[in-house]
Amino acid sequence: MEQHLIAIDLDGTLLKDDKTISSRSYDVIQKAKEAGHVVVIATGRPYRASKMYYEQLDLTTPIVNFNGAFVHHPKDDSWGMYHTPLQLETVKEIVEVSRKYNVRNILAEVMDDVYFHEHDEQLLDLFNLGNPNVYIGNLRDILRKDPTSILILSDEQNVGRIRTYLSEVHANVIDHRSWTAPWHVIEIVRTGIHKAVGLEKIASYYGIPRERVIAFGDEDNDIEMLKWAGLGVAMGNAIEPLKAVADDVTKTNEEDGIAVYLQSLLKL
């Protein structure tokens, strides 16, 4: 069988709800690698929060982090490092305007540095994975570098208003999406940045044509990746808009959907 590039999202896709990789998923991914296929992780997480899964799967491939804003090869520095951050001035404008929308908090990530506009124990616990450097204070004062991404934590009723403002004022420089419940979070990256951007770089490096790229995902940050891949597969637990653009749908993350699909497709 010809070599395929297999791109796998983590949360809600490869990972079970308890954030672990099942033994069946692990075994099938190892068989795919042994058969000569290239397996890569494509996640919205920073590298520090996905490194443990990269190592658990014993990968030796590039990885897509921050939804494509950071792409690198953990095992090969010569591969290149592609970091596409937001413009600092744009972020400071958003921080200033956010006050009138009763935003609860704003978080900025500069690679492995995390900046909180306000102290928040719940968010500190959530983003402490991988032991980043954490700074707390007015982002207009303490943020000195272009951030990889920013997150706006809002009350549910204000998410739509904030996203309307972002689209009307900053559409030419940023892209934004919202998380699903229970987190009412708006995630912002530089315009034109998504997982497919990183995946295209990796496919080109390995000389694997688009039609032999298989991508798995479950959320709206996977839409571009599944549309770009030759075979975009939505999980059974995926949001309906993703299923609508996917080429196929597999079982849920709790039912080892990736393993089931790859075993059948690639005869593993």
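Bear in mind the structure is a predicted one, so any value in this text is a computation, not a measurement.

**Q** What am I meant to see in the pattern of salt bridges here?
**A** Side chains that carry opposite charge are capable of pairing whenever their charged atoms lie near each other. Taken as a whole and judged by the stated rule, the model has 13 salt bridges. Residues Asp11 and Arg45 are paired through a salt bridge, measuring 2.8 Å at the closest nitrogen-oxygen approach. Here Asp11, found in helix H1 (residues 10-14), pairs with Arg45, found in the loop between strand S2 (38-41) and helix H3 (51-56); they are 34 residues apart in sequence, far enough to count as distant. Exposure remark for Asp11: the relative accessible area of 24% places this residue in the partly exposed category. According to the relative accessible area criterion, Arg45 is buried, its value standing at 14%. The shortest N-O distance in the salt bridge between Lys16 and Glu254 comes to 3.8 Å. One end of the pair, Lys16, is in the loop between H1 and helix H2 (23-34); the other, Glu254, is in the loop between strand S14 (248-249) and helix H11 (257-266), with 238 residues separating them in the sequence.

**Q** How should I be thinking about the domain arrangement of the protein in this particular structure?
**A** Interface size, as often reported, equals the accessible area lost upon joining of the parts. The domain architecture assigned to the protein consists of domain 1 (3-81 + 192-264) and domain 2 (86-188). Of note, the centres of domain 1 and domain 2, computed from C-alpha atoms alone, are 26 Å apart. If you look at the interface, domain 1 gives 16 residues, while domain 2 gives 15 residues. Taken over both partners, the interface formed by domain 1 and domain 2 buries close to 1200 Å², and the fraction arising from carbon and sulfur atoms is 48%. Of all residues in domain 1, the largest losses of buried area upon contact with domain 2 belong to Arg48, Phe66 and Asp220, amounting jointly to 50% of the total for that side. Here domain 1 is connected to domain 2 by 4 salt bridges. The partner of Glu224 in a salt bridge is Arg177, and the shortest N-O contact between them spans 3.8 Å. Scanning the region where domain 1 abuts domain 2 turns up 6 residue pairs in polar contact (both at pLDDT 80 or more). Classifying every residue of the side of domain 1 that touches domain 2 by side-chain character gives 8 nonpolar, 3 polar and 5 charged.

**Q** How do you make sense of the nonpolar core when you look at a structure like this?
**A** Nonpolar side chains in soluble globular proteins generally cluster together in the buried interior. In terms of nonpolar packing, the biggest core is built from 27 residues, with Ile6, Ile8, Leu14, Ile41, Ile214, Phe216 and Leu262 touching the most fellow members. Secondary-structure elements contributing two or more residues to this core are strand S1 (5-8), H1, H2, S2, H3, strand S12 (213-217), strand S13 (231-234) and H11. Top contributing element to this core by residue count: H11, with 5 residues. Each residue touching Ile214, except ones within four places of it in the same chain, is listed here: His4, Leu5, Ile6, Ala7, Leu231, Val233, Leu262, Leu265 and Leu266. Counting 24 residues, the second-largest nonpolar core is a separate cluster that includes Ala42, Ile202, Leu226 and Leu242.

**Q** What am I meant to see in the packing of H2 against H11 here?
**A** For the pair H2 and H11, interaxial distance at closest approach is 8 Å and the crossing angle is 35°. The element H2 and its partner H11 pack so that their crossing is left-handed. Contacts between H2 and H11 pair Arg24, Ser25 and Val28 from the former with Ala259, Val260, Leu262 and Gln263 from the latter. Tallied by class, the residues present in the contact of H2 with H11 amount to 4 nonpolar, 2 polar and 1 charged.

**Q** Looking at this structure, how should I read the packing of aromatic side chains?
**A** Working definition: an aromatic ring pair is given by the centre-to-centre distance plus the angle between the planes. Under the criterion given, the structure shown has 7 aromatic pairs. Centroid distance Trp79 to Tyr82: 5.5 Å. Interplanar angle 85°. Geometry classified as edge-to-face. When the centroid spacing of 5.9 Å and the interplanar angle of 80° are considered together, the rings of Phe216 and Tyr261 count as edge-to-face. You can see Phe216 sitting in strand S12 and its partner Tyr261 sitting in helix H11, a full 45 residues away along the chain.

Each value, and the rule that gives it
- Residues numbered from 1 in each chain as written.
- Predicted model: local features only at pLDDT ≥ 70, side-chain atom pairs only at ≥ 80, totals over all residues.
- Heavy atoms only, no water.
- Salt bridge = Lys/Arg side-chain N within 4 Å of Asp/Glu carboxyl O.
- Helix = DSSP H or I, 4+ residues; strand = E, 2+ residues; numbered from the N terminus.
- Buried < 20%, exposed > 50% of the residue type's maximum accessible area, 1.4 Å probe, protein only.
- Domains from an automatic or database assignment.
- Contact = heavy atoms within 4.5 Å.
- Buried area = accessible area lost by both parts, 1.4 Å probe.
- Polar contact = N/O pair within 3.5 Å; in protein donor to acceptor, adjacent residues only side chain to side chain.
- Nonpolar A, V, L, I, M, F, W, Y, C, P; charged D, E, K, R; others polar.
- Core = buried A, V, L, I, M, F, W, Y, C linked by side-chain atoms within 4.5 Å.
- Axes fitted to C-alpha atoms, helices over the stretch in contact; angles between N-to-C directions.
- Left-handed = near helix turned anticlockwise from the far one by under 90°.
- Phe/Tyr/Trp six-rings, centres within 6.5 Å; stacked < 30°, edge-to-face > 60°.

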